[in-house]
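# Per-entry structural report
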There are 2 protein chains.
Amino acid sequence: MCQLMGMSANVPTDARFSFTGLVQRGGGTDIHRDGWGIVFYRGKGIQEFKDPNPSAESEVAKLVTLHAIRSKTVISHIRQANVGDVALENTHPYSRELWGQYWCFAHNGQLKDQCYLELPLGRFKPVGSTDSEHIFCWMLGVIDETFAGAPKDMSDLWALVASFAKRLHQMGVSNFMLSNGDALIVHCSNRLHWITRRAPFGEATLKDIEMSVDFGQETSPNDVVSVIATEPLTVNERWNEMQPNEILVFVDGEVVANY
Amino acid sequence: MCQLMGMSANVPTDARFSFTGLVQRGGGTDIHRDGWGIVFYRGKGIQEFKDPNPSAESEVAKLVTLHAIRSKTVISHIRQANVGDVALENTHPYSRELWGQYWCFAHNGQLKDQCYLELPLGRFKPVGSTDSEHIFCWMLGVIDETFAGAPKDMSDLWALVASFAKRLHQMGVSNFMLSNGDALIVHCSNRLHWITRRAPFGEATLKDIEMSVDFGQETSPNDVVSVIATEPLTVNERWNEMQPNEILVFVDGEVVANY
């Protein structure tokens, strides 16, 4: 199982605190040594950092923890390989352009008996050899075939993604995060936790490394920031545990839909 | 006009020396302050670093100059904006997946009277607002419509790209680099230089910053490495000047076709 982390916020927010905790799990406090990646949405663009080396030892990860990149939507992943070699092309998050938007996807879990190969591909093709990238390409292909362009009512699209998630859940374990920059759609198959921070902000202490932050010093009163992670990243806050087969959609830091 | 840099090699090669010279032109020795990017092909994957900040001041650029990333194909770009705001989504190189391969593109120049808008788009759509990304999406769309999949004889594809280049050359200034990781296709509209380094390797001195390297210490006798750049990056080597409307295709460091 890999480790996922996502963030959705209503203002461009520094995600270093959460990322600093997460990267420890990549060869530090945990066994996920097979590469890592993070994507920051900034405006319509994405800034991507990936490395097939363990995150706890990665110079690129160190850079990401040292310099603030402010973003409203972030997806990060550290990998423990099962399907697909340890290689850059198998490193999450994956991204593709659809309708002039960058879509990003990270995933953990494993489907039974390679049944992901039954999911038919449209115009998007995997570059690497993971089940996760195949699943992403299948999803985007169906989205592309279902809608002529970005739908006016995005909840139609979220409902379609929720139907993908329900299908995948029947096929094995499949926790994932999908975003087009505006919405962050999260599916829990067996293990995901989330928290929404808003005023009055308090202090939080990381679980995986000795570090605390006083969010009251870092934020404005109207900020709303949700963080989603495989395991809670902090020890002194109350994280919500997602239920198996639950889907949450975050926009601007708030849960706007669930399935 | 922006600054382009590309590398093609027959073994994974450290491109830091060339990149170190190039980034000085992003707000240091030259005026290209509007962002920069570099893509390294590693296996089938791409490792991408981009920043809308000037490269000479960028922490991300510093990281890339400090840590060796070995790659057979590299494309880099530093930007002086004309069409499109200074923003991450307008920062080259652009990338898209086609046939399970990542295609990357960087460009400098400007077409007359916004005539790039006449180039019809297929399934690939620009995320940002540059003429360059529009041109890239147009090219890939026509490639997608022309071939059912990656052609067995890649020279058919190179000839098609050459026809794009000839058309663009009629429409204004358009220097570009396009790659799928195997081939690096380079078009000179008005300004590009290139050099192929092979045994016996000598010493080279950068033009933009005080730095020399003895390639004899850094390479094996069978290595072949070509570097292509808007302006020569070194002062004590003989660079070839490309001719207006010339197209070169590099594979494994060698020029394998020209149009």
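Residues numbered from 1 in each chain as written. Chains lettered and ligands numbered in written order. Predicted model: local features only at pLDDT ≥ 70, side-chain atom pairs only at ≥ 80, totals over all residues.

Our focus in this paragraph is the environment of Arg123(A). In this fold, Arg123(A) is placed in the loop between strand E6 (101-111) and helix H3 (131-146). Residues Arg123(A) and Trp138(A), 15 residues apart in the sequence, show an inter-C-alpha distance of 8.8 Å. (Helix = DSSP H or I, 4+ residues; strand = E, 2+ residues; numbered from the N terminus.)

Our focus in this paragraph is the interface of chain B and chain A. Residue-level contacts link 27 residues of chain B with 27 residues of chain A. Secondary structure elements with two or more residues in the side of chain B that touches chain A: strand E3 (45-51), helix H2 (59-66), strand E5 (94-98) and strand E6 (101-111) of chain B. With four residues, the single largest contributor to the side of chain B that touches chain A is E3(B). Considering only residue class, the side of chain B that touches chain A consists of nine nonpolar, eight polar and ten charged. (Contact = placed C-beta atoms within 7 Å. Nonpolar A, V, L, I, M, F, W, Y, C, P; charged D, E, K, R; others polar.)

On to the sheet that holds strand E7 (residues 172-179) of chain B. Residue and element names in this part refer to chain B. Pairing in this open sheet of six strands is antiparallel, and the strands run E5-E6-E7-E8-E14-E15 from one edge to the other. Only two strands of the sheet have a single neighbouring strand rather than two, namely E5 and strand E15 (254-258). Each neighbouring strand pair of the sheet contributes to a mean axis angle of 25°, computed without reference to strand direction. In this sheet, E15 lies alongside strand E14 (residues 246-251) in antiparallel orientation, the contact comprising four bridges. Within E15, the residue paired with Val251 across the bridge is Glu254. The sheet strands contacting helix H4 (residues 154-171) are E6, E7, strand E8 (183-188), E14 and E15, and the helix crosses E8 at an angle near 20°. (Pairing = 2+ DSSP bridges. Axes fitted to C-alpha atoms, helices over the stretch in contact; angles between N-to-C directions.)

Take chain B, turn it by 180°, move it 0.0 Å along the axis, and it overlays chain A with an RMSD of 0.0 Å. On this basis, the relationship between the two copies can be described by a two-fold rotation axis. Mapped onto chain A, 100% of the interface residues of chain B again fall at the interface, so both copies present the same surface. (Least-squares fit on C-alpha atoms with pLDDT ≥ 70 in both.)

The next subject is the environment of Asp34(A). Residues and elements named next belong to chain A. Within the element layout of this structure, Asp34 appears in the loop between helix H1 (16-24) and strand E2 (36-42). Here Asp34 falls in the buried class, since 23 other C-beta atoms lie within 10 Å of it. With near-sequence residues (within four places) excluded, Asp34 lies in contact with Arg79, Gln80, Ala81 and Val86. (Buried ≥ 20, exposed ≤ 12 C-beta atoms within 10 Å, placed from the backbone.)

Turning next to the packing of helix H1 (residues 16-23) of chain B against H2(B). All names here are of chain B. Running from N to C, H1 and H2 point in directions that differ by 150°, and their axes come no closer than 9 Å. On the basis of their axis angle, the class for H1 and H2 is roughly antiparallel. Considering the relative orientation of H1 and H2, their crossing is left-handed. Where H1 abuts H2, its residues Arg16, Phe19, Thr20 and Val23 lie against Ala61, Val64 and Thr65. (Parallel < 35°, antiparallel > 145°, perpendicular 65-115°, else oblique. Left-handed = near helix turned anticlockwise from the far one by under 90°.)

Our next topic: the pairing of strand E4 (residues 70-78) of chain A. Residue and element names in this part refer to chain A. The element E4 is extensively covered by neighbouring structure, given that eight of its nine residues are classed as buried. In this structure, E2 lies alongside E4, joined through six bridges in antiparallel fashion. If you follow Tyr41 over to E4, its bridge partner there is Thr73.

The end-to-end C-alpha distance of helix H4 (residues 154-171) of chain A, which contains 18 residues, comes to 26 Å, matching closely the 26 Å that a straight helix rising 1.5 Å per residue would cover. Looking one or two places after H4(A), you find Gly172(A), whose phi comes out positive at around 145°. (Expected span 1.5 Å × (residues − 1).)

All names here are of chain B. Summarising burial for E3: seven of the seven residues are buried, a large majority. The sheet contact formed by strand E2 (residues 36-42) and E3 spans seven bridges and is antiparallel. The partner of Trp36 across the bridge, within E3, is Asp51. Hairpin connection of E2 to E3: two residues between the antiparallel strands, including Gly43 at a positive phi of 60°.

Further remarks concern unusual backbone geometry. Put simply, His92(A) and Pro93(A) share a cis peptide bond, and its omega is -15°. By the element assignment, Pro93(A) lies in the loop between E4 and strand E5 (94-98). For the bond from Ala199(A) to Pro200(A), the omega torsion is -5°, close enough to zero to count as cis. In this structure, Pro200(A) sits in the loop between strand E9 (193-197) and strand E10 (203-205). Even without being a glycine, Trp99(B) presents a positive backbone phi close to 60°. With respect to the element layout, Trp99(B) can be found in the loop between E5 and E6. Of note, Gln114(B) is a non-glycine position whose phi angle comes to about 50°, a positive value. In this structure, Gln114(B) sits in the loop between E6 and helix H3 (131-146). Among the residues examined, Gln114(B) registers 11 C-beta atoms within 10 Å and is labelled exposed.

Glancing now at the sheet that holds E5(A). All names here are of chain A. Spatial ordering of the open sheet is given by E5-E6-E7-E8-E14-E15, a layout of six strands whose pairing is antiparallel. Of all the strands in the sheet, the pair left with one neighbour each is E5 and strand E15 (254-258). Strand-to-strand twist across the sheet, computed as the mean angle between neighbouring axes with direction ignored, equals 25°. Pairing geometry for strand E7 (residues 172-179) and strand E8 (residues 183-188), over four bridges, is antiparallel. Counted as the bridge partner of Ser179 is Leu184 from E8. Each of E6, E7, E8, strand E14 (246-251) and E15 touches H4; the most contacted strand, E8, lies at about 20° to it.

Interpreting fine coordinate detail is not advised for predicted regions of low pLDDT. For chain A, per-residue confidence averages 94 on the pLDDT scale, and 100% of positions sit at 70 or higher. With a pTM of 0.95, the predicted complex shows an ipTM of 0.94. (pLDDT = per-residue confidence, 0-100.)

All right, on to the packing of helix H2 (residues 59-66) of chain A against H2(B) then. Axis separation between H2(A) and H2(B) bottoms out at 11 Å; the angle between their running directions is 160°. In this view, H2(A) runs roughly antiparallel relative to H2(B), as classed from their interaxial angle. As for how H2(A) packs across H2(B), the hand of that crossing is right-handed. Here Glu59(A), Val60(A) and Leu63(A) of H2(A) lie close against H2(B), whose contacting residues are Glu59(B), Val60(B) and Leu63(B). Across the contact of H2(A) with H2(B), the residue classes break down as four nonpolar, no polar and two charged.

What follows concerns H1(B). Residues and elements named next belong to chain B. By the criterion of burial, H1 is predominantly enclosed, with seven of the eight residues buried. Considered for burial, the residues of H1 that qualify are Phe17, Ser18, Phe19, Thr20, Gly21, Leu22 and Val23. Its buried side turned inward, H1 meets strand E1 (3-14), E2, H2, strand E4 (70-78), strand E11 (212-214) and strand E12 (225-229).

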